[in-house]
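# Understanding the architecture of this molecule
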Amino acid sequence: MSFRDLRNFTEMMRALGYGRLISMENFRNPNFPLVAEVLKWLVKRYDPSADVPGDTDTEQDRIIFIKSVAEFMATKAHIKLNTKKLYQADGYAVKELLRVTSVLYNAMKTNIVDQADETSAENDGSSLSFDISSRISELKEARRLASEITSKGAGLYDLLGKEVDLREQRTLVIAKQLEINEVESSLAASIKAVENEIRKTLHMLDNVASDEANLEAKIEKKKNELERNQKRLQTLQSVRPAYMDEYEKLEEDLQKLYDAYLIRFRNLTYLESQLEEYNRVEQDKSEETESRLQEMANKLKSDESQRLSLAEKDASEDEGEESGDDDDEDDDEDEDGIEGGTRPVARRNRPTAAGAGGRVQGNMMGNISEEEGSDDSGDSDIDLDEDDQDDDDDDGDSDDIEMPAQNPRRRHPQPTDLNESDNDF
């Protein structure tokens with residue numbers, strides 16, 4: 001956009017009689033409403049009967065408006081406008097608007113007879129009245145001639161492109177010697193072909209009436225068929241099918257079942273997701289528990305290995321001490337056997353909970369623990385006196401012979417006859 005173009009546009013619009021004052025600052029920024037208003041005014045000024053859409057609220061409406069104006073100017077005034085620049089509605093749109101305004105301004109200038117009046121009108125800044133509607137017919141004729149010239153020029157260009165081949169054929173035909181008989185036969189054949197075409201055309205003209213009648217009959221038939229089909233359609237629409245009530249009921253039931261299915265499917269999906277989440281949490285817990293148990297097992301194994309090593313060490317020391325004690329006891333027993341001969345086995349201390357003359361209660365089952373703990377646990381009250389006497393004898397023997405100390409680890413319980421304990425009863 002140049003300053004001169006913007007100035008010329010504002011001056012031309014003022015000269016053409018545009019009612020609104022256009023400033024040079026209006027196109028610094030995009031101003032689509034002003035551009036749309038100017039385009040409408042220019043189109044109406046060019047052709048008052050032109051129909052241009054006036055809605056420019058939405059983007060689609062603006063695009064349609066620009067396209068319609070550009071198409072109108074291209075077909076009516078043969079002015080090619082850049083729609084992209086018009087849609088920008090800034091300084092670049094002024095150049096496109098200047099094309100239309102310059103045409104209208106030049107047309108207005110040609111209609112002025114008095115150059116002095118024109119100069120005074122330009123100096124005063126008043127708009128000149130110019131009615132282009134009086135020359136609409138001339139514009140249409142000029143437009144038709146321009147389109148015809150264009151089509152003829154295109155045809156001539158195509159024919160000139162074929163001139164290379166046609167020149168050779170034309171040269172051959174011109175160089176060829178023509179005979180009268182061949183020319184007459186060719187002309188006779190051409191005349192016959194033309195007469196046949198004329199005959200066919202006349203026959204077709206004669207048959208136009210019959211063809212028209214046939215077409216009218218077909219049209220009437222189609223109309224009657226259409227009316228019958230429309231009536232049938234109306235009857236079918238008015239008649240209710242026999243099972244329509246049941247169908248509607250089943251349709252409602254199906255809708256309810258579908259809603260219930262959706263609810264259950266949604267709940268099932270949610271529960272499956274929750275189950276997966278729970279399984280994942282449990283899996284994590286189990287893995288954590290297994291890791292902890294593995295750590296505890298490893299710790300216990302290490303402690304057990306340490307304990308076993310200590311126990312083996314203590315056992316080795318105890319075995320050394322016991323071996324020394326067993327040798328001493330064996331020596332003492334041998335000496336006692338040599339001095340006193342065969343020595344009776346000393347009785348174990350009898351439980352004294354019942355006293356010396358107390359009564360001992362026996363058991364038919366014969367408790368093994370009692371048999372192992374005492375030799376005479378199953379004696380009856382009849383044998384109490386004998387036991388006292390034996391104790392006295394044992395006391396006397398103990399004064400004469402000293403009992404060697406027995407190792408409690410080598411003490412073995414004396415077997416007790418269970419039958420004798422039963423015979424006491």
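Residues numbered from 1 in each chain as written. Predicted model: local features only at pLDDT ≥ 70, side-chain atom pairs only at ≥ 80, totals over all residues. Heavy atoms only, no water.

### What to know about the overall build of the protein
Which entries qualify depends on this criterion: Counting from the N terminus, the helices are the DSSP runs of H or I reaching at least four residues and the strands are the DSSP runs of E reaching at least two. Relative accessibility under 20% of the residue-type maximum defines a buried residue, over 50% an exposed one, and the middle range a partly exposed one, all with a 1.4 Å probe and only protein chains included. Here, two residues are considered to be in contact whenever any of their heavy atoms come within 4.5 Å of each other. To measure how exposed things are, a 1.4 Å probe is used in the Shrake-Rupley method; for residues, cover is taken only from the protein chains shown.
The number of helices and strands found in the protein is 14 helices and zero strands. For the protein, the α and β elements follow one another from N to C terminus as α-α-α-α-α-α-α-α-α-α-α-α-α-α. Looking at the protein as a whole, 16% of its 425 residues are labelled buried. Contacts in the protein between residues far apart in sequence, at least 24 positions, make up 63% of those at least 6 positions apart. For the protein, the accessible surface area stands at approximately 33,600 Å², while carbon and sulfur atoms represent 52% of it.

### Side note on the packing of aromatic side chains
What describes a pair of aromatic rings is the distance from one ring centre to the other and the angle between the planes of the rings. This is how it is decided: A pair of Phe, Tyr and Trp rings is counted when the ring centres sit within 6.5 Å of each other, with Trp represented by its six-membered ring. The angle between the planes then sorts it: under 30 degrees is stacked, over 60 is edge-to-face, the rest tilted. Here, over-ring charges are defined by two tests on the NZ atom of lysine or the CZ atom of arginine: distance to the ring centre within 6 Å, and angle to the ring normal within 35 degrees.
Across all of its chains, the model carries five aromatic pairs by this definition. Between Tyr258 and Tyr261, the aromatic rings sit 6.5 Å apart at their centres with planes inclined by 35°, giving tilted as the arrangement. Here Tyr258 pairs with Tyr261, and both are found in helix α11 (residues 244–340), just three residues apart, close to one helical turn. Ring pairing ties together the aromatic residues Tyr258, Tyr261 and Phe265, which thus form one cluster. When the ring centre of Phe32 is taken as origin, the NZ or CZ atom of Arg62, which lies over that ring, is 5.8 Å away.

### Remarks on the pattern of salt bridges
Our working definition: Just to be clear on terms, a salt bridge is a Lys or Arg side-chain nitrogen sitting within 4 Å of an Asp or Glu carboxyl oxygen.
All told, the structure shown has nine salt bridges when counted by the stated rule. Among the salt bridges present, the one from Glu277 reaches Arg280, with a minimum N-O distance of 2.2 Å. Separated by three residues within a single helix, Glu277 and Arg280 lie in helix α11, roughly one turn from each other. Residue Glu277 is classed as partly exposed on the basis of its relative accessible area, which comes to 37%. The exposure class assigned to Arg280 is partly exposed, which follows from its relative accessible area of 42%. Linking Glu288 and Arg292 is a salt bridge whose minimum nitrogen-to-oxygen distance equals 2.8 Å. Separated by four residues within a single helix, Glu288 and Arg292 lie in helix α11, roughly one turn from each other. You can call Glu288 partly exposed: its relative accessible area is 40%. Connected through shared salt-bridge partners, Glu141, Arg144 and Glu148 make up one network.

### Topic: a negative patch on the surface
So the rule is basically this: Without a salt bridge and with relative accessible area above 30%, a residue can belong to a patch; like charges are then joined within 9 Å and nonpolar side chains (Val, Leu, Ile, Met, Phe, Trp, Tyr) within 5 Å. Lys and Arg are tallied as positive, Asp and Glu as negative. Neither His nor the chain termini are counted. Taken as the charge centre is NZ of Lys, CZ of Arg, CG of Asp or CD of Glu, depending on the residue.
A cluster of like negative charges, contributed by Asp314, Glu317, Asp318 and Glu319, occupies part of the molecular surface. Along the chain, Glu319 falls in helix α11.

### Details of a nonpolar patch on the surface
Taken together, the side chains of Val194, Ile198, Leu202, Leu205 and Val208 make up a nonpolar region of the molecular surface, amounting to roughly 440 Å² of accessible area. No other element matches the four residues that helix α9 (residues 180–206) contributes to the nonpolar patch.

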